[in-house]
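Chains, contacts and geometry: an overview
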Amino acid sequence: MDPLNLLKIITTIITAVIALIIGLRVLSLNKSDILNRWFALYFTSSSLGFIIYTVYHLILNNSDIIIPLMITAHVFFNLNSISLIMTLFALEKYSKTVMGVKYLGTMLLLFFIMSIGYFIFPPYLDMDDYALGIVDTHTPPGLLLFVNAIRILLAILAVYKYIVITKKLEGETKNRIKWFSSGVIVFILGLFINLLGGLLLLIVMEVIALIIIDIGAILVLKGFLI
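Residues numbered from 1 in each chain as written. Predicted model: local features only at pLDDT ≥ 70, side-chain atom pairs only at ≥ 80, totals over all residues. Heavy atoms only, no water.

**Some points on the overall build of the chain**
Helix and strand content of the chain: nine helices and two strands. Going from N to C terminus, the chain has its helices and strands arranged as α-α-α-α-α-β-α-β-α-α-α. Relative to the 2.2 N^0.38 estimate, which gives 17 Å for 226 residues, the radius of gyration of the chain is 18 Å and therefore close to what a compact globule would have. Across its three principal axes, the chain shows a C-alpha extent of roughly 60 × 35 × 30 Å. The buried share among the 226 residues of the chain stands at 45%. Within the chain, counting contacts between residues at least 6 apart in sequence, those at least 24 apart form 72% of the total. As presented, the chain carries roughly 11600 Å² of accessible surface, and 71% of it is formed by carbon and sulfur atoms. One way to put it: in the chain the 15 positive side-chain charges average out to a point 21 Å from where the 12 negative ones average out. (Helix = DSSP H or I, 4+ residues; strand = E, 2+ residues; numbered from the N terminus. Rg over C-alpha atoms; globule rule 2.2 N^0.38 Å. Buried < 20%, exposed > 50% of the residue type's maximum accessible area, 1.4 Å probe, protein only. Contact = heavy atoms within 4.5 Å. Areas by Shrake-Rupley, 256 points an atom, 1.4 Å probe, with all protein chains shown as cover. Lys, Arg positive; Asp, Glu negative; His and termini not counted. Charge placed at Lys NZ, Arg CZ, Asp CG, Glu CD.)

**Looking at the layout of surface pockets**
Volume-wise, the largest pocket comes out at about 1400 Å³. Taken together, 47 residues form the lining of the largest pocket, with Y53, N194, G198, L199 and E206 sitting closest to its centre. At nine residues, the largest contribution of residues to the lining of the largest pocket is made by helix α8 (residues 171–200). Tallied by class, residues from the lining of the largest pocket come to 28 nonpolar, 13 polar and six charged. (1 Å grid on protein atoms, 1.4 Å probe; cavity = no way out; pocket = protein on both sides within 12 Å on 5 of 7 lines; lining within 4 Å. Points joined across faces, edges and corners; volume = space filled by probe spheres on them. Nonpolar A, V, L, I, M, F, W, Y, C, P; charged D, E, K, R; others polar.)

**Notes on the environment of L58**
Note on placement: L58 falls in the loop between α2 (34–57) and α3 (66–92). L58 gets classed as partly exposed once you look at its relative accessible area, which sits at 45%.

**Some thoughts on the side chain of T44**
As for its placement among the helices and strands, T44 is situated in helix α2. Leaving out residues up to four positions away in the same chain, T44 has contacts with A19, L20 and G23.

**Observations concerning the confidence of the model for the chain**
Of all residues in the chain, 96% have pLDDT values of 70 or greater, and the mean over the chain is 86. Averaged over each element, pLDDT in the chain is lowest for helix α4 (residues 95–98) (75) and highest for helix α5 (residues 101–120) (95). (pLDDT = per-residue confidence, 0-100.)

**What to know about α3**
With 27 residues, α3 should reach 39 Å at 1.5 Å per residue; the first-to-last C-alpha distance of 40 Å fits that figure. Counting buried residues in α3 gives 19 out of 27 residues, a clear majority hidden from the surface. (Expected span 1.5 Å × (residues − 1).)

**What to know about the nonpolar core**
Counting 57 residues, the largest nonpolar core has F39, F43, Y56, I82, M86, Y162 and F180 as its most contacted members. Elements that contribute at least two residues to this core include exactly α1 (3–29), α2, α3, α5, α7 (141–168), α8 and α9 (203–225). For this core, the element with the most residues is α3, which contributes 13 residues. Here F39 is in contact with V26, T87, Y162, F180, V184, V220 and F224, once residues within four sequence places are set aside. (Core = buried A, V, L, I, M, F, W, Y, C linked by side-chain atoms within 4.5 Å.)

Structural data, given as structure tokens:
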């Protein structure tokens, strides 16, 4: 395997493990708190997406299973975006309101819209590369742009709202939200760089992005530990 590809896979595994540990740790701090639950889902969905991403890049003897795994990974990445917005609602609204049709229902509908395209216009595997031992999947351009546009818009909304929320608070709560917002901003920056690295086929950029994602996740955890 190419050394850069091997480095990317190793970094992805490390990122998945860190995200899973942080997700479980956040949940263990207060299982009944709605904010903790959504942040835990935010990190664990990221972790599962990265784990599955790693797995299907290592499958070199069964091409039939690669695309279903790839779609599953992207479904978890879509869940990650939805969970991030739900953390915002959890900070701003009452728990019962957040879990109602207006907020959770709307986000679940958006999650369905983001994910259904992978089943209508499924990605495909480059069989020529696969014969050479390279797992190279392709998503139809329209679907790729549509889904990633929604992810980016949700990320921008999250960054903006976290900054606004931070300005409205005082004391220890403000300090916690500062760590949350800083971590989320760094995490999203890493996801954006990772997307660019994938589109430009620059593995080094993807590796750097994963390291940035790890830093963002740790910053969010710091907010929970205050």
